[in-house]
Amino acid sequence: MRSFTLLAILILFFSDGLMAQRRVIRQAQTQIANERYIQAIETLQPLLRRTPVADEVYLLLGMSYLSVPGGSESALMYLEKAVELYPIERRPSQSALEARFYLGQAMHLNYRFEDALKLFDELKPLIPSSRRQLIAAIERERLYSINAIELIKHPVNYDIHTL
């Protein structure tokens, strides 16, 4: 009887913690939707000290850092973790696709153009043909990476003259 009571208390405590975590995640999603990325980061950071950390926290932190000037290295770290937590299955989830898309952008911003291009090439066939906007966004990001690789191979010299 004593172990049953202890188990019931643990379940109640654990589920209350998960509900509070979901509330904080929803608040951060609203902040991201309103382009308040620094507030979203401040909202999500305390969740990293809890156990267990919801997979979504890493994705949202990566997305937020990606949108903050100078946050691309932090974005890369969180998005790499999100990709680990959201594996690609037969029918990938929206979160798995988003994690890879934003990771590719973070790689590009961190001058890892070849890695970004490889990731976008792997991601593109996984997208259903009905998701035209996402396919177009992936193709655009691919072209950015291809252009960056070419500019590194063949730099362009230019002079700026003031009037």
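As the structure is a prediction and not an experimental result, all values here were calculated from the model.

Focus on the side chain of glutamine 105
Relative to the helices and strands, glutamine 105 is located in helix 5 (residues 94–109). Setting aside residues up to four positions removed in sequence, glutamine 105 forms contacts with Leu66, Phe120 and Glu141.

What about the side chain of glutamate 56?
Looking at the secondary structure, you find glutamate 56 in helix 3 (residues 55–66). Of note is the side chain of glutamate 56, whose polar atom sits 3.0 Å from the side chain of arginine 22.

Re the nonpolar core
Membership of the largest hydrophobic core comes to 40 residues, with the highest contact counts inside it found for Val57, Leu59, Leu61, Phe101, Leu103 and Ile138. With residues up to four places along the chain from it excluded, the contact list for phenylalanine 101 reads Phe120, Leu123, Leu134, Ala137, Ile138 and Glu141.

Some points on the packing of aromatic side chains
Across all of its chains, the model carries five aromatic pairs by this definition. Taking the centre distance of 6.4 Å and the plane angle of 35° together, the rings of tyrosine 58 and tyrosine 78 count as tilted. On the criterion of sequence distance, the pair formed by tyrosine 58 in helix 3 and tyrosine 78 in helix 4 (residues 72–85) is long-range, its members being 20 residues apart. Taking relative accessible area as the criterion, tyrosine 78 reaches 11% and is therefore assigned buried. Between the aromatic rings of tyrosine 65 and tyrosine 78, the centroid separation amounts to 5.7 Å while the plane-to-plane angle is 10°, which identifies the pairing as stacked. In this pair, tyrosine 65 sits in helix 3 while tyrosine 78 sits in helix 4, placing the two residues 13 residues apart along the sequence. Comparing tyrosine 65 with tyrosine 78, the two get one shared label, buried. Pairwise contacts between aromatic rings join Tyr58, Tyr65 and Tyr78 into one cluster. Directly above the aromatic system of tyrosine 58 lies the positively charged group of lysine 81, at a separation of 5.8 Å from the ring centroid.

So, the packing of helix 3 against helix 5
Their axes nearest at 10 Å, the elements helix 3 and helix 5 cross at an angle of 35°. Every pair of crossing elements has a handedness; the one defined by helix 3 and helix 5 is left-handed. Judged by residue contacts, Leu59, Met63 and Leu66 of helix 3 engage Ser95, Glu98, Ala99, Tyr102, Gln105, Ala106 and Leu109 from helix 5. Split into classes, the residues belonging to the contact of helix 3 with helix 5 amount to seven nonpolar, two polar and one charged.

A closer look at the packing of helix 4 against helix 5
It is at 9 Å that the axes of helix 4 and helix 5 come closest, and there the two elements cross at 150°. In this view, helix 4 runs roughly antiparallel relative to helix 5, as classed from their interaxial angle. With respect to the hand of their crossing, helix 4 and helix 5 are arranged in left-handed fashion. Residue-level inspection shows Ser72, Ala75, Leu76, Leu79, Glu80, Ala82 and Val83 of helix 4 in contact with helix 5, the latter providing Ala99, Arg100, Tyr102, Leu103, Ala106, Met107 and Leu109.

Parameters and conventions
Every chain's residues receive numbers from 1 upward, in the order its sequence appears when written. Restriction of local features to residues with pLDDT of at least 70 applies here, the model being predicted, together with a cutoff of 80 or more for giving and counting side-chain atom pairs; totals for whole chains, interfaces and linings are based on all residues. Hydrogen atoms and water are omitted, and side-chain values are computed over all heavy atoms in the structure. We count a stretch as a helix when DSSP gives it H or I for four or more residues in a row; a strand needs E for two or more, and each element gets its number in order from the N terminus. We call two residues contacting when some pair of their heavy atoms lies within 4.5 Å. The definition of a polar contact used here is a pair of N or O atoms within 3.5 Å, where within protein one atom must be able to donate a hydrogen and the other to accept one, and adjacent residues in sequence count solely through side-chain atom pairs. For our purposes a nonpolar core is just a set of buried Ala, Val, Leu, Ile, Met, Phe, Trp, Tyr and Cys residues, chained together by side-chain atoms within 4.5 Å. To sort residues, take the accessible area from a 1.4 Å probe on protein chains only and compare it with the maximum for the residue type: under 20% means buried, over 50% means exposed, and anything in between is partly exposed. Aromatic contacts are taken between Phe, Tyr and Trp rings whose centres are within 6.5 Å, Trp giving its six-membered ring; a plane angle under 30 degrees counts as stacked, one over 60 as edge-to-face, and the others as tilted. When the NZ atom of lysine or the CZ atom of arginine is within 6 Å of a ring's centre and also within 35 degrees of its normal, the charge is said to sit over that ring. Between N-to-C directions, angles span 0 to 180 degrees; the directions come from axes that are lines fitted to C-alpha atoms, helices contributing only their stretch in contact. Crossing chirality is assigned from the near helix's rotation relative to the far helix, an anticlockwise turn below a right angle marking it left-handed and a clockwise turn marking it right-handed. Side-chain classes follow a simple rule in which Ala, Val, Leu, Ile, Met, Phe, Trp, Tyr, Cys and Pro form the nonpolar group, Asp, Glu, Lys and Arg form the charged group, and the remainder, Gly included, forms the polar group. Roughly parallel refers to an angle under 35 degrees, roughly antiparallel to one over 145, roughly perpendicular to one between 65 and 115, and oblique to any angle outside these ranges.

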